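Okay, here's what each chain looks like letter by letter:
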Amino acid sequence: MTGIVVVFDFDKTIIDLDSDNWVVDELGATDLFNQLLPTMPWNSVMDRMMNELHTQGKTIKDIEQVLKRAPVIPRVVPAIKAAHALGCDLKIVSDANLFYIETILKHLGIYDCFSEINTNPGYVDEEGKLRILPHHDFNISSHGCSCNVCPPNMCKGLVIERIQASLAKEGKKRIIYLGDGAGDFCPSLKLKEQDFIMPRKDFPVWKLINENRDLVRAEIHGWSNGEEQEHILLQIIKTITIEDNQFLSVDCKFQTIPINAVHDALPKALPVPY
Ligand SMILES: Cc1ncc(C[n+]2csc(CCOP(=O)(O)O)c2C)c(N)n1
Ligand SMILES: [Mg+2]
């Protein structure tokens, strides 16, 4: 374990579009979706749309097939696998829903790379209908965030604060956060000096961060495409790992390996220290 937590947004950070719009558009329900949107919160529209699609005879299988065709940002899957293999703790924080995210991550073979998915609950009910519920039930109370950007159903900043509170106990030290949307601005403000924010360039979070640079304590590293995302993420992980092991590393022919990794790789019979 590296002591690094990597937090990924999902839509437009792992896949290259908004999963809600993708499902609605691909199943031919765009017009109804657009009619409903001015009348109720996004989250409630999605639940209602799933009800409509079920009534029209669209099955969970149909929805799964559409999700499995969602375009993935190139190089993101190898980047996630590499970050996991390097010992980072990977988590998702997303305003999509659990059913969509689990279906896509399993399809891509990276579901097991993540220790946590924080999102809107999504499950198939006894009638075979997909239900989508808010992460935070705004009918009972507001989540209380005053940043003016978070949607009523989810404040990602509160999720990050909960993750931060658990880090100290687990001995983890630093967060790398990747996101694109306005909802990723609030968690950016919660990150500390030792953390890293990776906003997608020219997307809403990029604009918000640039307008509020003095409020962001974390180091900012923008990315424009999957190749850049992969390169920057792995570079940050390597830099942190080297910093943390600067007195405890050996130079091998091709790369620097932390001494504890070398130790773990040696036969157990060798005397320690060797
Ligand atoms: C005012 C307003 N307009 C639209 C939306 C909905 N919305 C926008 S981006 C997105 C995907 C987020 O997934 P991820 O967090 O994985 O990027 C969703 C569900 C909203 N909540 N508020
Ligand atoms: Mg997003």
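Residues numbered from 1 in each chain as written. Chains lettered and ligands numbered in written order. Predicted model: local features only at pLDDT ≥ 70, side-chain atom pairs only at ≥ 80, totals over all residues. Heavy atoms only, no water.

Peer 1: With reference to specific residues and values, describe the sheet that holds strand 8 (residues 219-220).
Peer 2: Strands sit in the order 3-2-1-6-7-8 across an open sheet of six strands; the sheet is parallel. A strand with exactly one partner marks an edge of an open sheet, and here the two such strands are strand 3 (114-120) and strand 8. When strand 6 (residues 174-179) meets strand 7 (residues 196-199), the two strands line up parallel, connected through four bridges. The partner of Ile176 across the bridge, within strand 7, is Phe196. With respect to the sheet, helix 10 (residues 226-244) is in contact with strand 1 (4-8), strand 6 and strand 7, its orientation differing from that of strand 6 by roughly 175°. (Pairing = 2+ DSSP bridges. Helix = DSSP H or I, 4+ residues; strand = E, 2+ residues; numbered from the N terminus. Contact = heavy atoms within 4.5 Å. Axes fitted to C-alpha atoms, helices over the stretch in contact; angles between N-to-C directions.)

Peer 1: Could you give me a rundown of the packing of helix 4 (residues 60-68) against helix 6 (residues 98-108), with the residues and numbers involved?
Peer 2: Orientation of helix 4 relative to helix 6, taken along the N-to-C sense of each, is 60°, at an axis distance of 9 Å. Taken together, the axes of helix 4 and helix 6 lie oblique to each other. Both helix 4 and helix 6 take part in a crossing whose hand is right-handed. Touching Ile60, Ile63, Glu64, Leu67 and Lys68 of helix 4 are Phe99, Tyr100, Thr103, Ile104 and His107, all from helix 6. Of the residues assigned to the contact of helix 4 with helix 6, the class counts are six nonpolar, two polar and two charged. (Parallel < 35°, antiparallel > 145°, perpendicular 65-115°, else oblique. Left-handed = near helix turned anticlockwise from the far one by under 90°. Nonpolar A, V, L, I, M, F, W, Y, C, P; charged D, E, K, R; others polar.)

Peer 1: Please provide a residue-by-residue account of the environment of Pro204, values included.
Peer 2: By the secondary structure assignment, Pro204 is in helix 9 (residues 204-211). For Pro204, a relative accessible area of 42% puts it in the partly exposed group. Separated by 22 residues in sequence, Pro204 and Ala182 have C-alpha atoms that sit 5.2 Å apart. Pro204 has contacts with Asp180, Gly181 and Ala182, leaving out every residue within four places of it along the chain. (Buried < 20%, exposed > 50% of the residue type's maximum accessible area, 1.4 Å probe, protein only.)

Peer 1: Could you give me a rundown of the UniProt feature "binding site: Mg(2+)" (unreviewed entry) in the chain, with the residues and numbers involved?
Peer 2: Under the UniProt annotation, the feature "binding site: Mg(2+)" (unreviewed entry) is placed at Asp9, Asp11 and Asp180. A maximum C-alpha distance of 8.2 Å places the annotated residues, which cover 172 residues in sequence, within one compact spot. By secondary structure assignment, the location of Asp9 is in the loop between strand 1 and helix 1 (19-26). Accessibility expressed as a relative area gives 5% for Asp9, which makes it buried. When neighbours within four sequence positions are excluded, Asp9 is seen to be in contact with Ile14, Val93, Ser94, Lys156, Leu178, Gly179, Asp180 and Asp184. A distance of 2.8 Å separates polar atoms of two side chains, one belonging to Asp9 and the other to Thr13. Checked against the element boundaries, Asp11 lands in the loop between strand 1 and helix 1. (UniProt positions renumbered as here; feature names shortened; annotations may be inferred. Polar contact = N/O pair within 3.5 Å; in protein donor to acceptor, adjacent residues only side chain to side chain.)

Peer 1: Mind laying out the coordination of the magnesium ion (ligand 2), listing which residues take part and the relevant values?
Peer 2: Ideal donor angles around a metal are set by the shape: a four-donor tetrahedron calls for 109.5 degrees, a six-donor octahedron for 90 or 180 degrees. Within the protein, the magnesium ion (ligand 2) binds to Asp9 (OD), Asp11 (O) and Asp180 (OD); these donor distances fall in the range 2.0 to 2.1 Å. Each donor residue of the magnesium ion (ligand 2) belongs to the same chain, and together they define the spacing D-x1-D-x168-D. Placement of the pair is Asp11 in the loop between strand 1 and helix 1 and Asp180 in the loop between strand 6 and helix 8 (185-190), with a sequence separation of 169 residues. Side by side, Asp11 and Asp180 carry an identical accessibility label, which is buried. (Donors = N, O, S within 2.8 Å, 3.2 Å for Na, K, Ca; no water.)

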